[in-house]
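Next come the chains, spelled out residue by residue.
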Amino acid sequence: MNHKETFYITTPIYYPSAKLHIGHAYCTTIADAYARFNRLRGKDVFFLTGSDEHGQKIQRIAEAQGMNPKEYVDQIVASFKALWERLNISYDDFIRTTDKHHEVLVQKIFQILYEKGDIYKSTYKGLYCTPCEAFWLERQTNDGKCPDCGRPVEEVEEESYFFRLSKYAEPLLNYYKEHPEFLQPAARLKEMESFIKSGLEDLCVSRTAVTWGISVPFDPKHSIYVWFDAVVNYISALGYLTNDDTLYKKYWPADLHLVGKEIMRFHTIIWPAMLLALDLPLPKTVFGHGWLVIEGEKMSKSKGNVVDPNLLIDEFGADAIRYFLLREITLGSDGNFSRDSLIRRINADLANDLGNLIHRTSSMYEKYFPEAIPELGAEEEPEKELAELAKKALAEFETLIDSYEPQNALESLWVLIRRANKYLDSTAPWTLAKNKDYPRLARVLYTVGEVLRIASVALTPILPTSAAKIRVQLGLSADCTWEEAKVWNGLPVGNRILKAEPLFPRIEEDEKEKGPVKPAKEVKSTKAEATKKPEATVVTEEQIEFDDFLKVHLKVATILTAERIKGSDKLLRLEADLGTEKRQIVAGIGKAYSPEELIGKQVAIVTNLKPRKIMGLESQAMIIAAGDGSTLAVFNPEKPVKAGSIIG
Ligand SMILES: [Zn+2]
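Let us look at the structure shown here. (Residues numbered from 1 in each chain as written. Predicted model: local features only at pLDDT ≥ 70, side-chain atom pairs only at ≥ 80, totals over all residues. Heavy atoms only, no water.)

### Observations regarding the environment of alanine 467
So, step 1. Among the secondary structure elements, alanine 467 is positioned in helix α18 (residues 464–473).
So, step 2. Owing to a relative accessible area of 1%, alanine 467 belongs among the buried residues under this scheme.
So, step 3. Considering only alpha carbons, one finds alanine 467 and alanine 478, eleven residues apart in sequence, at a separation of 7.9 Å. (Helix = DSSP H or I, 4+ residues; strand = E, 2+ residues; numbered from the N terminus. Buried < 20%, exposed > 50% of the residue type's maximum accessible area, 1.4 Å probe, protein only.)

Structure (structure tokens):
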């Protein structure tokens, strides 16, 4: 028998300095869906998550609370595991950097690289961001602030060990070129390439001030830099360099390191350089996802908008949260998390489209064929169409998951689900029942049951609990394989279809909780005012001819580069791709967007305005946006389109 194809997927190991927030849940949910999808496809999956427990920050927090660091991290790690259980995260191992076998491997690797000459002793003088545990050069900081987190950096000077990272600049750039699948999405590849090209210095990999860490084996007053320690988890968990390295041999190199965009540097420069130095294969793909912004604002403790996933699970259930995170946010880009959009998704997609289809189907089975699915009439044209659509939806689902577009994969599946609802409307089973056309009625209900069966397979990685419930309603076992989804007419005749409680009840939002944004009060104004208002709009607004509208050329542009313009906190200089040409744009959107989050984004622009000079730079197009200051928003097509596409 052939060996099963393996699939090794990892999340970052999270830092137990505080409870996890929705951003951690986001990353881990995506990883879980990918792990489950690959298991469904019959692969031998190893899914790793864990905790990154050493470092100065943990040491300080624990001391402040009068605990030793291990006691402190133990309680936080317990909360990580409890959350993953509630979110249905199917990890195979949870690695802690305080695990003995991990600590031993970190020391071994340090020793090997020292003996090879890739680690050497020198003096470190420079800047350090303690919250990020990251070293910085003066020129990399923003006026003494950490470029990653914006907090002040500290000056440190001490005897240290260095890893010859500079030696790997060229090999890394070559590796990126030869392995285009290695660093994704493409916007991050450009960032990392320019980071390397701006000059890669050797990396300081030890600290003497930090006692909560793994000590340098041959010089124990030094402890090993936490990032050097942390990334080794991906192979220490597999038993690399131990008596039993079966897992290492089976699963390394990893198929996918899923990480947040802020730690791409550690995973696509430092970690691969360490692997190159060790002569080990590099992971196949490192994918950097974007950040969740909360109601349009960056999540931060000071703003008090940190979202606790536990509260969301209490209120909406794990499956609904998982669905939202995978469906609403474009993987790789930043995405907005808001209560309104969460409720909208649950109501529209889960309660309405999917929930209704299940409810209508099972109710009609209960009414017309309560015992079992009876003998079926022949398939007619509408069934054949639905069968074709199901085949297409599944093929798209698989391709889009593999190309890291779970949001579009789910949309493809929902096209099928919505179509099945329409099929029920148009075939009108209630009329068939009235006319006593039972073979046809049996065929129609069976066909919708079939769509539900197929959807239950595809949804297993996304909505594990609900998908299993749907299968039980259809008289199927909860276990399934991807191959089963590809079969049409796979629901066994004779199965009994059960009616059950709605899987996703509609959420009726209490007006009070929605906040003061709704215009309900205006509507309650007197009739006279209500009729006056629309007239006023018509009169005050100057009207134009259709031809006038056509004079404005609106196109979709993809932003290639973005940088702040010195001396302005509002203006950004952008380079935008229009397919056949590139334009320089000076845009006043710098209070609402950081340059990083714009790179790779598609925006709507006016291309035929006369060029204007702003702060000495020629602006060759205008970005369309709404709002002002930090609430300003650009317009982004609902799905990616070709750069230069005409809007109209
Ligand atoms: Zn920082």
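### Notes on the packing of aromatic side chains
So, step 1. Counting across every chain of the model gives 32 aromatic pairs.
So, step 2. With centroids separated by 5.7 Å and ring planes inclined at 20 degrees, the aromatic side chains of tyrosine 120 and phenylalanine 162 adopt a geometry described as stacked. Of this pair, tyrosine 120 sits in strand β4 (residues 119–129) while phenylalanine 162 sits in strand β6 (residues 154–163), and the two are 42 residues apart along the sequence.
So, step 3. Seen from their ring centres, tyrosine 365 and phenylalanine 369 are 6.3 Å apart, and the 55 degrees between their planes marks the pair as tilted. When sorted by exposure, tyrosine 365 lands in the same class as phenylalanine 369, which is buried.
So, step 4. Grouping aromatic residues by their ring pairs yields a cluster made of Tyr8, Phe46, Tyr234, Tyr251, Trp252 and Trp271.
So, step 5. One residue, arginine 207, lies across the ring of tyrosine 128, its end atom 4.1 Å from the ring centre. (Phe/Tyr/Trp six-rings, centres within 6.5 Å; stacked < 30°, edge-to-face > 60°. Lys NZ or Arg CZ within 6 Å of the ring centre and 35° of its normal.)

### Focus on the sheet that holds strand β19 (residues 582–587)
So, step 1. In space, the five strands of this open sheet follow the order β19-β18-β17-β20-β23, with antiparallel pairing throughout. Two strands bound the open sheet, and with one partner strand each, they are β19 and β23 (622–623).
So, step 2. As defined by bridge partners, strand β17 (residues 554–564) adjoins strand β18 (residues 572–577) across six bridges and the pair is classed as antiparallel. Opposite threonine 558, over in β18, you have aspartate 577 as the bridge partner. (Pairing = 2+ DSSP bridges.)

### As for the coordination of the zinc ion
The textbook angles at a metal center are 109.5 degrees for a tetrahedron of four donors and 90 or 180 degrees for an octahedron of six.
So, step 1. Only Cys129 (SG), Cys132 (SG), Cys146 (SG) and Cys149 (SG) from the protein reach the zinc ion as donors, at distances of 2.2 to 2.4 Å.
So, step 2. In this structure, the zinc ion is surrounded by four donor atoms whose angles at the metal cover 106 to 114 degrees, and the resulting shape is tetrahedral.
So, step 3. Sequence positions of the donors to the zinc ion reduce to the motif C-x2-C-x13-C-x2-C. (Donors = N, O, S within 2.8 Å, 3.2 Å for Na, K, Ca; no water. Tetrahedral: all angles 85-135°; square planar, octahedral: opposite > 155°, others 65-115°.)

### Some thoughts on the side chain of glutamate 53
So, step 1. With respect to the helices and strands, the residue glutamate 53 is situated in the loop between β2 (44–51) and α2 (56–64).
So, step 2. At 2.6 Å, the side chain of glutamate 53 forms a polar contact with the side chain of arginine 96.
So, step 3. Here threonine 98 takes part through its side chain, which lies 2.7 Å from a polar atom of the side chain of glutamate 53.
So, step 4. The residues touching glutamate 53, leaving out its near neighbours within four places in the chain, are Pro16, Ile58, Val73, Val77, Arg96, Thr97, Thr98 and Trp212. (Polar contact = N/O pair within 3.5 Å; in protein donor to acceptor, adjacent residues only side chain to side chain. Contact = heavy atoms within 4.5 Å.)

### Some details on the pattern of salt bridges
So, step 1. Counted under the stated rule, the structure contains 46 salt bridges.
So, step 2. A salt bridge links arginine 345 to glutamate 328, with the nearest nitrogen and oxygen atoms 2.6 Å apart. Taken together, the residues arginine 345 in helix α13 (residues 339–368) and glutamate 328 in helix α12 (residues 318–328) connect sequence positions 17 residues apart.
So, step 3. Classification of arginine 345 as buried rests on a relative accessible area of 19%.
So, step 4. In this structure, glutamate 450 engages arginine 453 in a salt bridge whose closest nitrogen and oxygen atoms are separated by 2.7 Å. (Salt bridge = Lys/Arg side-chain N within 4 Å of Asp/Glu carboxyl O.)

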